[in-house]
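Geometric and topological summary
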Amino acid sequence: MPASGIRFAVTALLEQIVNGMMMGAIYVLVALGMVLIFGVMEVLNFAHGVLFMAGGYLCDVFVVHATGSYPLAVVLTMVTLAIVGMALERTVFRRLRVNLPMQIVASLGLILIAENGAVLLFGPSALQLSVPSVRSLVRVGELSFTVQHFIIVGATVVSIGALHVFLHHTRFGTALRATSQNAEAARVIGIDSASIYRITFAVACALAGLGGALLGPLFLISPQMGDLPLLKGLTAIVLGGMASIPGAIVGGFAIGIVEAVSTLFIATEYRDMVVFTVLIAILLMRPWGLFSVRVRGDA
Amino acid sequence: MQRLASIDHVPVVLGEVCSPAAAAEAPVASDYSIPLILTVPTAPDLTKQGNSFLFRVNADTDQLNEALAAYVGERHLSPLSFIAWNNDAGRGGVNGMKALLPKDIAIGYVGYFDVGAVDFSSDVTNIRKSGARAVMLLMDEEPGALAIRQIRDAGLDSQLMGTLAMGSDRFLTRLDAKYLDGMVQYSAFPPSAPLPRIQEFGKAYRARFGEEAHGFAAQSYDGLLLAVKAMQAAGTATDGAAIQKALSGISFDGVVGHIQFDGDNQAKPPVYITQWCKDGTRKIDFPANLKSECGAG
């Protein structure tokens, strides 16, 4: 390969790694929420994508109609969705623990209500949240990215760090992990499982809202904007192991980077095929995922 | 379509904005002998199915592409890359454009995306890798604005070429003029063109709806008048077969230009190329006799 060809290939690879990390970070935020809820409550919340979407719309409302400040709007979005999450846990999902078929039905119902509600409130056309500061460009050699690319990755890394501190260095986090390991034993030693479930949902929904609020200004805010992150987030937790937080993180970033880099070799419209082929191949070898531990009785 | 035919018993159906849906509706129109007048879908194959009840007022992608292919050839914009919808309109448009291009124009990268896609970063990387001098965007306003922003934000300065949805003030509300400067697009209705029929329609449209007129509105308006004229010529407002016969032989001067259907029931209205200027206005680049300054396109 001539030198210019190698340079083009390296440039393209670098560009796609950055793009892949950015989308991977979004998948991580969704996957972390889903894995927290599943790990603690054994609830698979298929409506997590609409919470991501709600994050986009709420952020738009807070920026345009309330604060005028994007960072403040992101924080308010997370707080609002944490409250929404607590309400959802109390009214819908607490009753459906360990009842997967009903969780799926309830989730599908929530998806329909939320997506149609968004159309009703904001109209069928996608919203464009214009935040000039996040659209400013950063040049890296001959490449150029928006500041938001790096903000998304940075915010995700900070969220992962904060989650780690919360889970491993606070009493509440320890109680949450204990409930996740054995809910009955946790109750026996006096842990209030209802509070744990509530806080778990609050944290998970706040993370989904953060994802929507971060991606909104970069692309568009539409009723279906959470569909793809949900699918990829779900894939990430299946890949990493259903209740594994490190698995969700590695899975999310891996999916983002693999799908982005794969488009250098195959047509872009087939990138999802690559992701799911990798997923199937890994599950054939490790049906319990990359980071979960195989337990007796598992396939 | 089925309901309009079997329950409402309408004599003519106007519309359908989407090529695949129009393709599905066309056989129903034929079965019930009801003329279906299309005013927006551009997939070239639609009027090549031998369906005598399907009429198309607007130019198809091949007709629209013809002028752009000549534009690419004259400026030798090689290699040329594409980002297009992964459907009949997008794939048909790419194939049509490839067939029209001069032989010395190389094809760089061709990327297709599904409706609803918002992330074009992979396409941008591949366009850069292909060394494309020009990029053609076969899509409508929403993805078009996103793709253009991502291409320009990534630092690519290739000549951008778009569809008729990208040549109006409405499109400008989605993007700063700096993103659009220099971009060309085919158009069936340059809203600021110095042509009396366009000016008049534009003025009436703005008075009624408070915004700049656009091609889809003009084409649909012509489709409606065409149906009325055909009913008058056929002497009936209920007999679809008679109205179909009248439409086949109709000759009509509409807002978009002269409309007369060929053997496939495809009209051949005039096509223009407009170019965005730095100040957010447009000018006409094609046809040569209508070349204009910024602000008149």
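None of the values given here were measured: they were computed from a predicted structure.

**Examining the overall build of chain B**
On a plain count of helices and strands, chain B comes out with eleven helices and twelve strands. The C-alpha atoms of chain B give a radius of gyration of 19 Å, which matches the 19 Å a tight globule of 297 residues would have. The dimensions of chain B, computed from C-alpha atoms along their principal axes, are 60 × 35 × 35 Å. Of all 297 residues assigned to chain B, the portion counted as buried reaches 59%. Excluding contacts between residues fewer than 6 apart, the proportion of contacts in chain B whose partners are at least 24 apart in sequence is 62%. Of the roughly 11800 Å² of accessible surface on chain B, 52% is carried by carbon and sulfur atoms. Within chain B, one finds 26 positive and 33 negative side-chain charges whose respective centroids are separated by 4 Å.

**Topic: the interface of chain B and chain A**
At the interface, 23 residues of chain B touch 28 residues of chain A. Contact between chain B and chain A buries roughly 2100 Å² in total, counting both sides, with carbon and sulfur atoms accounting for 46%. Between Glu269 of chain A and Arg91 of chain B there is a salt bridge whose closest N-O contact spans 3.2 Å. Applying the counting criterion to the chain B and chain A interface returns 16 residue pairs in polar contact (both at pLDDT 80 or more). For the side of chain B that touches chain A, the secondary-structure elements that each account for two or more residues are β5 (107-113), α5 (121-130) and α6 (141-153) of chain B. A breakdown of the residues in the side of chain B that touches chain A according to their chemical character gives six nonpolar, eight polar and nine charged.

**Here's the deal with unusual backbone geometry**
Most peptide bonds are trans, and most residues other than glycine sit at a negative phi. Cis geometry marks the peptide bond from Ser78 of chain B to Pro79 of chain B, where omega comes out at 0°. Examined against the element boundaries, Pro79 of chain B turns out to sit in the loop between α3 (61-75) and β4 (80-85). The backbone of Glu42 of chain A sits at a positive phi, close to 55°, despite the residue not being glycine. For Glu42 of chain A, the position within the fold is in the loop between α1 (3-41) and α2 (48-67). Judged by relative accessible area, which is 45%, Glu42 of chain A ranks as partly exposed. The phi dihedral of His76 of chain B falls on the positive side, at around 45°, and the residue is not glycine. Note on placement: His76 of chain B falls in the loop between α3 and β4. Owing to a relative accessible area of 33%, His76 of chain B belongs among the partly exposed residues under this scheme.

**Things to note about the pairing of strand β1 (residues 137-140) of chain A**
Residues and elements named next belong to chain A. Both β1 and strand β2 (residues 143-146) contribute to a ladder of four bridges, which runs antiparallel. Counted as the bridge partner of Arg139 is Ser144 from β2. Here β1 folds back onto β2 in antiparallel fashion, the turn holding two residues, of which Gly141 has a positive phi close to 60°.

**Here we look at the pairing of strand β6 (residues 134-138) of chain B**
All names here are of chain B. Taking burial as the measure, the five residues of β6 include five buried ones, the bulk of the element. Because side chains alternate across β6, one face comprises the buried residues Ala134, Met136 and Leu138, and the other comprises Val135 and Leu137, equally buried. Sheet analysis places β4 next to β6, joined by five bridges and oriented parallel. Its bridge partner lying in β6, Ala84 is registered against Leu138. With three bridges connecting them, β6 and strand β7 (residues 159-162) associate as parallel partners. Looking at β7, one finds that Ala134 is bridged to Gln159.

**Comments concerning the domain arrangement of chain B**
Residues and elements named next belong to chain B. Considered domain by domain, chain B is made up of domain 1 (2-58 + 215-260) and domain 2 (62-187 + 271-290). Each of domain 1 and domain 2 was reduced to a C-alpha centroid, and the two centroids are 29 Å apart. At the junction of the two partners, domain 1 supplies nine residues and domain 2 supplies six residues. For the pair domain 1 and domain 2, the number of links is one salt bridge. The residue Lys48 makes a salt bridge to Asp62 at a minimum N-O spacing of 3.9 Å. Linking domain 1 with domain 2 are zero residue pairs in polar contact (both at pLDDT 80 or more). Elements with a contribution of two residues or more to the side of domain 1 that touches domain 2: α2 (19-31) and α10 (215-234). The class makeup of the residues in the side of domain 1 that touches domain 2 is four nonpolar, four polar and one charged.

**Side note on the environment of Asn87 of chain B**
Residues and elements named next belong to chain B. In this structure, Asn87 sits in the loop between β4 and α4 (88-100). As for Asn87 and Pro20, which are separated by 67 residues in sequence, their C-alpha atoms are 7.8 Å apart. Setting aside residues no more than four positions away along its own chain, Asn87 makes contact with Gly92 and Val115.

**Things to note about the sheet that holds strand β2 (residues 36-38) of chain B**
Residue and element names in this part refer to chain B. One open sheet holds the three strands; their spatial order is β1-β2-β3, and the pairing between them is parallel. Of all the strands in the sheet, just β1 (13-14) and β3 (54-56) have a single pairing partner and so form its edges. Sheet topology places β2 next to β3; three bridges connect them, and they run parallel. The partner of Ile37 across the bridge, within β3, is Phe55.

**Remarks on the sheet that holds β4 of chain B**
Within a beta sheet, neighbouring strands are joined by backbone hydrogen bonds and run either parallel or antiparallel to one another. All names here are of chain B. Ordered by their spatial adjacency, seven strands build an open sheet running β5-β4-β6-β7-β8-β11-β12, and the pairing between neighbours is mixed. Lying at the two open borders of the sheet, with one neighbouring strand each, are β5 and β12 (282-286). Going from strand to strand, the sheet's axes swing by 25° on average, the running direction of each strand aside. Most of the contacts of α3 go to strand β8 (residues 184-187), to which it runs at about 150°, and overall it touches β4, β6, β7, β8, β11 (272-276) and β12. Running at roughly 170° to β5, α5 makes contact with β4, β5 and β6 of the sheet.

**Observations regarding the packing of helix α6 (residues 147-169) of chain A against helix α7 (residues 171-181) of chain A**
All names here are of chain A. The N-to-C vectors of α6 and α7 enclose an angle of 80°; their axes lie 5 Å apart at closest approach. By the angle between their axes, α6 is roughly perpendicular relative to α7. Residues Phe166, Leu167, His168 and His169 of α6 lie in contact with α7, whose contacting residues are Arg171, Phe172, Gly173, Thr174, Leu176 and Arg177. A per-class count over the contact of α6 with α7 returns four nonpolar, four polar and two charged.

**A word on the pattern of salt bridges**
Pairs may arise between side chains of opposite charge once their charged atoms sit close together. For the structure shown, the criterion picks out 16 salt bridges over all chains. Across the pair Glu15 of chain A and Arg128 of chain B runs a salt bridge whose closest N-O atoms are separated by 2.7 Å. Of the two residues, Glu15 of chain A sits in helix α1 while Arg128 of chain B sits in helix α5, which places them in two different chains. Judged on exposure class, the residue Glu15 of chain A and its partner Arg128 of chain B are both buried. The partner of Glu141 of chain B in a salt bridge is Arg174 of chain B, with the nearest N and O atoms 3.4 Å apart. You can see Glu141 of chain B sitting in helix α6 and its partner Arg174 of chain B sitting in the loop between α7 (169-172) and α8 (177-180), a full 33 residues away along the chain. Note on accessibility: Glu141 of chain B and Arg174 of chain B belong to one class, buried. One continuous salt-bridge network, built from bridges that share partners, spans Glu141, Glu142, Arg170 and Arg174 of chain B.

About the cut-offs
Residues numbered from 1 in each chain as written. Chains lettered and ligands numbered in written order. Predicted model: local features only at pLDDT ≥ 70, side-chain atom pairs only at ≥ 80, totals over all residues. Heavy atoms only, no water. Helix = DSSP H or I, 4+ residues; strand = E, 2+ residues; numbered from the N terminus. Rg over C-alpha atoms; globule rule 2.2 N^0.38 Å. Buried < 20%, exposed > 50% of the residue type's maximum accessible area, 1.4 Å probe, protein only. Contact = heavy atoms within 4.5 Å. Areas by Shrake-Rupley, 256 points an atom, 1.4 Å probe, with all protein chains shown as cover. Lys, Arg positive; Asp, Glu negative; His and termini not counted. Charge placed at Lys NZ, Arg CZ, Asp CG, Glu CD. Buried area = accessible area lost by both parts, 1.4 Å probe. Salt bridge = Lys/Arg side-chain N within 4 Å of Asp/Glu carboxyl O. Polar contact = N/O pair within 3.5 Å; in protein donor to acceptor, adjacent residues only side chain to side chain. Nonpolar A, V, L, I, M, F, W, Y, C, P; charged D, E, K, R; others polar. Pairing = 2+ DSSP bridges. Domains from an automatic or database assignment. Axes fitted to C-alpha atoms, helices over the stretch in contact; angles between N-to-C directions. Parallel < 35°, antiparallel > 145°, perpendicular 65-115°, else oblique.

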